[in-house]
Amino acid sequence: MQPWTTVPYPQLPGLGIPLRLHDTATGETRPTAPGRTARMYVCGITPYDATHLGHAATYLAFDLINRIWRDGGHEVHYVQNVTDIDEPLLERAKRDQDDWVVLGMRETALFREDMESLRVLPPREFVGAVEAMGEIVELVGKLLASGAAYHADDPEHPDVYFDHRATERFGVGFGTVSSYDEETMHRLSAERGGDPDRPGKRHPVDAVLWRTARDGEPSWESELGLGRPGWHVECTAIALNRLGAGFDVQGGGSDLIFPHHEFSAAHGEALTGQHPFARHYSHTGMIGLDGAKMSKSKGNLVFVSRLRADGVDPMAVRLALLAGHYREDRSWTDPMLATATARLARWREAVSLPAGAPADEVLARVRTHLSDDLDSPRAIAAVDAWADQTVTRHGRDTSAPGLMRNTVDGLLGIEL
Ligand code: 5CA
Ligand code: ZN
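Quick caveat, the model's predicted, so the values are computed rather than measured. (Residues numbered from 1 in each chain as written. Chains lettered and ligands numbered in written order. Predicted model: local features only at pLDDT ≥ 70, side-chain atom pairs only at ≥ 80, totals over all residues. Heavy atoms only, no water.)

Enquirer: Give me the packing of helix H11 (residues 360-371) against helix H12 (residues 376-393): which residues, what numbers.
Expert: In contact at an axis separation of 7 Å, H11 and H12 are set at 165 degrees when each is read in the N-to-C sense. The angle between H11 and H12 places the two elements in the roughly antiparallel class. Judged by the sense of rotation from one axis to the other, the crossing of H11 with H12 is right-handed. On H12, the residues touching Val362, Arg365, Val366, His369 and Leu370 of H11 are Ser376, Arg378, Ala379, Ala382, Val383 and Trp386. Per-class residue counts for the contact of H11 with H12 are 7 nonpolar, 2 polar and 2 charged. (Axes fitted to C-alpha atoms, helices over the stretch in contact; angles between N-to-C directions. Helix = DSSP H or I, 4+ residues; strand = E, 2+ residues; numbered from the N terminus. Parallel < 35°, antiparallel > 145°, perpendicular 65-115°, else oblique. Left-handed = near helix turned anticlockwise from the far one by under 90°. Contact = heavy atoms within 4.5 Å. Nonpolar A, V, L, I, M, F, W, Y, C, P; charged D, E, K, R; others polar.)

Enquirer: An account of the coordination of the zinc ion (ligand 2) is needed here, citing residue identities and associated values.
Expert: Summarising the metal site, the zinc ion (ligand 2) is bound by the protein donors Cys43 (SG), Cys235 (SG) and His260 (NE2), whose distances to it range over 2.1 to 2.2 Å. Read from N- to C-terminus, the donor residues coordinating the zinc ion (ligand 2) fall into the pattern C-x191-C-x24-H. Taken together, the residues span a long stretch of sequence, with Cys235 in helix H6 (residues 231-243) and His260 in helix H7 (residues 257-272) at a distance of 25 residues. As far as burial versus exposure is concerned, Cys235 and His260 are alike and both buried. (Donors = N, O, S within 2.8 Å, 3.2 Å for Na, K, Ca; no water. Buried < 20%, exposed > 50% of the residue type's maximum accessible area, 1.4 Å probe, protein only.)

Enquirer: For the pattern of salt bridges, give the residues involved together with the corresponding values.
Expert: Taken as a whole and assessed by the stated rule, the structure comprises 33 salt bridges. Asp409 is the salt-bridge partner of Arg119, the closest N and O atoms lying 3.2 Å from each other. On the criterion of sequence distance, the pair formed by Arg119 in the loop between helix H3 (100-117) and strand S5 (125-128) and Asp409 in helix H13 (residues 400-412) is long-range, its members being 290 residues apart. Asp409 carries the same exposure label as Arg119, and that label is buried. One salt bridge connects Asp163 with Arg202, and the closest N-O pair in it is separated by 3.0 Å. Here Asp163 is found in the loop between strand S7 (160-162) and helix H5 (182-191), whereas its partner Arg202 is found in the loop between H5 and strand S8 (207-212), with 39 residues between them in sequence. (Salt bridge = Lys/Arg side-chain N within 4 Å of Asp/Glu carboxyl O.)

Enquirer: Tell me what's going on with the sheet that holds S7, and back it up with residues and numbers.
Expert: Here we have 4 strands laid out as an open sheet, ordered S6-S7-S8-S9, and antiparallel in their pairing. Every other strand in the sheet has two partners, leaving strand S6 (149-151) and strand S9 (227-229) as the edge strands with one partner each. Direction aside, neighbouring strands of the sheet carry axes that sit 25 degrees apart on average. Pairing between S7 and S8: 3 bridges, direction antiparallel. Its bridge partner being in S8, Tyr161 is matched across the sheet by Val208. (Pairing = 2+ DSSP bridges.)

Enquirer: Report on the nonpolar core, specifying residues and quantitative values.
Expert: In this structure, Leu53, Leu321, Trp332, Trp347 and Trp386 are the most contacted members of the largest nonpolar core, which totals 76 residues. A total of 11 residues in this core trace back to one element, the largest contributor, which is helix H1 (residues 53-71). Excluding anything up to four places from it in sequence, Leu53 contacts Ile287, Met294, Val302, Val304, Leu307, Val317, Leu321 and Trp332. One finds Ala129, Met133, Trp210 and Leu256 within the second-largest nonpolar core, a separate group that totals 52 residues. (Core = buried A, V, L, I, M, F, W, Y, C linked by side-chain atoms within 4.5 Å.)

Enquirer: Which residues make up the environment of Val120, and what values do they have?
Expert: Within the secondary structure layout, Val120 lies in the loop between H3 and S5. A residue is classified by how much of its surface remains accessible, and Val120, at 3% relative accessible area, is buried. Along the sequence, Val120 and Gly216 sit 96 residues apart, while their C-alpha atoms lie 37 Å from each other. When neighbours within four sequence positions are excluded, Val120 is seen to be in contact with Trp4, Tyr59, Leu60, Asp63, Met115 and Arg318.

As structure tokens, then:
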């Protein structure tokens, strides 16, 4: 698929600081250690509805990683998928008597516009499940051949499942990403698209790799028979074939820790024999509204496109979301947007002055805070202090307003 259009990335003086990032799998916050080219995979949207502020917050967090790595002199190979075939898409299309292909294309186009307006740097590769069908089929075929996958004991629908114990044969147990106990895994499988109670599986937790065709559902002809792929293997194939095993960061919201990232990793490891699938598993907190997680199924959504249509400055939306720490579950509120709008106006006033308080120290502070597990609230506070000082007392440093404009643009992605 065509990614969205990029925005210029200003070069900042000096070199950025290596990023320390929390890793869900080990529970530690430790340095990312990319090579010359950093490799990141972030789980993309299922395009059956518009981008809400929860999605936006998640992609903004990974945009900070992208920016910090670039500031540190790395190139970034960023891959993002689009789950353009899956249950939720088919259900929504049916409900609205829409064509699932048209629905997916329409919502993906809107997502691109939203990302562009928020100045999120685009992935180098933006890949739909449908266009990756051949690679997914090949991967499932290999898992079957190696014994890591099996057909369900069901003559009518012998769907292919992944044996979740498959990596044990080289000494890696299941559960290295989430560390959840079996009861939690069972419960979350049922809540998040799995089918723990289906008969014919070796184990309730096992996840589907290839679902044989059902009446009225789209399906693809393949060496696995007519059918469509499971969700987790889509991300395994797209990530592995572009980034290789042991890439730097696998990202998404905390709702993807289990079963999605657990299984994507287990599929990849069973296939390559290499552990870990990704060196860091990075997860963002959930954005809610009025105390409940913002989710399409609950219908309590604030859309980026709605705010744009209402004339809200996307830079204020970006600043409002970055004012919270990415790992915290938090709620979207009107005062958050009001605070961000006022802050944006103050920063704009400060950078439009002919001179200001010295800014070199502020750049250093912004770098330090962001490289400390993406501490955007503290980075924003450092810019606030500079803007207050500059607006109230002016300053004599004529290069400061320009440097602050570039700092805020390059590292926080905010155009003043
Ligand atoms: N297509 C899959 C990933 S392969 C998917 O989860 N799509 S999604 O449209 O449901 O979500 C897209 C991204 O936004 C995922 O990374 C998800 O974890 C994240 N996300 C969803 N809801 C929220 C929320 N309320 N707050 C923060 N992030 C969220
Ligand atoms: Zn995914």
